[in-house]
Amino acid sequence: MSTFSQYNFKGQKALIRVDFNVPLDKKTFEITDDTRIKAAVPTIKKILGDGGSVILMSHLGRPKEGPEEKSSLKHLVSHVSKLTGVNVLFADDCIGKDAIDKAAALKPGEVLLLENLRFYKEEEKGDAGFAEKLSKLGDVYVNDAFGTAHRAHASTAVIAQFFPAGKKMFGLLMESEVSSAEKVMHNAEKPFTAIIGGAKVSDKILIIENLLERATDIIIGGGMAYTFEKAQGGIIGNSLCEDDRLDVARELLKKAEAKGVCLHFPSDSVIADKFDANALTSNAPSNNIPEGWMGLDIGPNACAQFINVIKRSKTILWNGPMGVFEMEKFQHGTKTVATAVAEATQDGAFSLVGGGDSVAAVNQFGYSDQVSYVSTGGGAMLEFFEGKELPGIAAIKK
């Protein structure tokens, strides 16, 4: 049973670390994607429903020299009010007099949003003094920001030490993220297929190495597939390739063979004469791409090949697209994989989609409600599957 669900917040001020780092229109400062805010609403509503009050803290953007207009959380107040059904109050600081006074006066059923934590350099430095000042604003600490769980910042990892064991916990979003990730990493039903895409092998070395200990099958697509093709003696034309990672690719191939893990590479590719939405296109074997052409998506044979692997899987992790899916000509492979993952899920598989581009793809193709779980934390999810301990998780579990 979840600690958060069991806890009665009646009369308590809950200090919640949320991830409200949402994109804003540069001119109007209106929110262009509110997914992260919506994800925190169930946690907020549970606390208010119990008769507690809520103090929200978050970062927004990457302010370099203190307060700046474009990174102010005041731009979010009306939208958070609309989503929660409560008239959200705003403090023009996060540890100053305005924050202290408004937090002290907060009544049950009320919500206070603090100004951007990163207006203080102490936040990213993980400063204990700054964390202690924040902690004094609430009675209970709730971390519901999985997107920043891999950061050892004051509000995500250091602050928990100022609350006793029963007064620090994950929120509903964080609980879902952690339990879904742990299910895939530690309790995966076999066959377990990991689908790894994206541009660079260098970004995914650690995750592939860690998955070689757990997965039965690893599908590799996207630009990184061509580094593996070249490492095996293939001709890849002008396709993306990290020549300084060819030895690493060969090493991963050897490790997979030794551990009996099946690595699946696209047998063919949709190729283009330039990196352009209006480029001339053709098909070619992925290991025999003509000079002057580049692979920008997996081909029809690769689609059929990957569908077969995905359909027989009981656990699926998807991180990274199969091609340049932002361009219509090169989105078929990624859409095919999204469809296959959704269909395997309907047939009983557990599927977890994590990483910005994969999440964007399942949303774009309308499959976000047809997979088991869509993670909100790109970098945090990647580091979790690399086998790293995330400071934001460790701080609560201590």
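Coordinates for the structure precede this section.
Residues numbered from 1 in each chain as written. Predicted model: local features only at pLDDT ≥ 70, side-chain atom pairs only at ≥ 80, totals over all residues. Heavy atoms only, no water.

Peer 1: When you look at the environment of Thr345 in this model, what are you seeing that I'm missing?
Peer 2: Along the chain, Thr345 falls in helix H13 (residues 332-346). Residue Thr345 is classed as buried on the basis of its relative accessible area of 14%. Between the C-alpha atoms of Thr345 and Ser313, which are 32 residues apart in sequence, the distance is 9.2 Å. What Thr345 contacts, discounting residues up to four positions off in sequence, is Ser351, Gln370, Val371 and Ser372. A distance of 2.7 Å separates a polar atom in the side chain of Thr345 from a polar atom in the side chain of Ser351. (Helix = DSSP H or I, 4+ residues; strand = E, 2+ residues; numbered from the N terminus. Buried < 20%, exposed > 50% of the residue type's maximum accessible area, 1.4 Å probe, protein only. Contact = heavy atoms within 4.5 Å. Polar contact = N/O pair within 3.5 Å; in protein donor to acceptor, adjacent residues only side chain to side chain.)

Peer 1: Explain H13 here, please?
Peer 2: For the α-helix, the turn length of 3.6 residues means that residues three or four positions removed from each other point alike. Here H13 spans 21 Å end to end across 15 residues, near enough to the 21 Å set by a 1.5 Å rise per residue. Along H13, the positions that sit buried rather than exposed are Gly333, Thr334, Thr336, Val337, Ala338, Ala340, Val341, Ala342, Ala344 and Thr345. Positive backbone phi, approximately 115°, marks Gly348, located one or two places after H13. (Expected span 1.5 Å × (residues − 1).)

Peer 1: When you look at unusual backbone geometry in this model, what are you seeing that I'm missing?
Peer 2: Comment: phi is negative for the bulk of residues other than glycine, and the bulk of peptide bonds are trans. The omega torsion across Lys190 and Pro191 is -5°, close enough to zero to call that bond cis. A positive phi angle, close to 60°, is found at Phe29, a residue other than glycine. Inspection of the secondary structure puts Phe29 in the loop between strand S1 (13-17) and helix H2 (35-50).

Peer 1: How should I be thinking about the environment of Ala395 in this particular structure?
Peer 2: Within the secondary structure, Ala395 is located in helix H16 (residues 391-397). Using a relative accessible area of 7% as the deciding quantity, one classes Ala395 as buried. As for Ala395 and Ala149, which are separated by 246 residues in sequence, their C-alpha atoms are 9.7 Å apart. Not counting chain neighbours up to four residues away, the residues in contact with Ala395 comprise Thr156, Ala157, Ala160 and Lys168.

Peer 1: Please clarify how the sheet that holds strand S2 (residues 53-57) should be interpreted in this entry.
Peer 2: Through backbone hydrogen bonds, the strands of a sheet pair up, either in parallel or in antiparallel fashion. With respect to topology, 6 strands assemble into an open sheet ordered S3-S4-S2-S1-S5-S6, the strand pairing being parallel. Bordering the open sheet on either side are strand S3 (89-90) and strand S6 (168-170), each of which pairs with just one other strand. Those strands touched by H2 are S1, S2, strand S4 (111-113) and strand S5 (140-143), and its axis lies near 150° from that of S2. (Pairing = 2+ DSSP bridges. Axes fitted to C-alpha atoms, helices over the stretch in contact; angles between N-to-C directions.)

Peer 1: What is the right way to read H2 from this model?
Peer 2: At Val41, H2 is deflected by roughly 30°, the largest bend along its length, and proline Pro42 occurs up to four residues later in sequence. Every buried residue belonging to H2 is among Ile37, Ala40, Val41, Thr43, Ile44, Ile47 and Leu48, and all of these are buried. Note on H2: the residue one or two positions beyond its end, Gly51, has a positive phi of about 95°. (Bend = angle between axes of the 7 residues up to and from the residue.)

Peer 1: Looking at this structure, how should I read the sheet that holds strand S11 (residues 268-272)?
Peer 2: Taking strand neighbours across the sheet as the criterion, the 3 strands line up as S12-S11-S14 in an open arrangement whose pairing is antiparallel. Every interior strand has two partners, whereas the edge strands, strand S12 (281-285) and strand S14 (294-298), have only one. Neighbour to neighbour, the strand axes of the sheet diverge by 45° on average, direction disregarded.

Peer 1: What's the story with empty space enclosed by the protein in this structure? I'm lost.
Peer 2: A water-sized probe, rolled over the atoms, reveals where empty space remains. Summed over all chains, the structure comprises 1 cavity of 30 Å³ or more. The calculated volume of the largest cavity comes to roughly 40 Å³. Along its surface, the largest cavity is lined by Asp19, Arg36, Ala39, Asp144, Ala145, Phe146, Gly147, Leu173 and Thr376. Of the residues that constitute the lining of the largest cavity, the class distribution is 4 nonpolar, 2 polar and 3 charged. (1 Å grid on protein atoms, 1.4 Å probe; cavity = no way out; pocket = protein on both sides within 12 Å on 5 of 7 lines; lining within 4 Å. Points joined across faces, edges and corners; volume = space filled by probe spheres on them. Nonpolar A, V, L, I, M, F, W, Y, C, P; charged D, E, K, R; others polar.)

Peer 1: Any chance you could explain the nonpolar core here in plain terms?
Peer 2: Note on soluble globular proteins: their nonpolar side chains tend to be buried together. The biggest cluster of nonpolar side chains holds 68 residues, and the ones touching the most others in it are Leu114, Leu134, Ile208, Ile218, Phe228, Phe385 and Ile393. It is helix H8 (residues 172-186) that contributes the most residues to this core, 6 residues altogether. Once residues lying within four places of it in the same chain are set aside, the contact partners of Leu134 are Leu15, Met57, Cys94, Ile95, Leu114, Leu117, Ser155 and Ile159. Judged by nonpolar contacts, the second largest core, of 29 residues, contains Phe4, Ile37, Leu48 and Leu56. (Core = buried A, V, L, I, M, F, W, Y, C linked by side-chain atoms within 4.5 Å.)

Peer 1: Explain the pattern of salt bridges to me, please; I cannot follow it from the model alone.
Peer 2: For side chains of opposite charge, pairing can occur when their charged atoms come near one another. Tallied over the full model, the rule gives 17 salt bridges. Salt-bridge contacts for Asp243 lead to Lys230; the nearest nitrogen and oxygen are separated by 2.9 Å. Here Asp243 is found in the loop between strand S9 (235-236) and helix H11 (246-259), whereas its partner Lys230 is found in helix H10 (residues 224-231), with 13 residues between them in sequence. Judged by relative accessible area, Asp243 falls into the partly exposed class, the value being 47%. The shortest N-O distance in the salt bridge between Glu386 and Lys388 comes to 3.1 Å. Judged by relative accessible area, which is 38%, Lys388 ranks as partly exposed. (Salt bridge = Lys/Arg side-chain N within 4 Å of Asp/Glu carboxyl O.)

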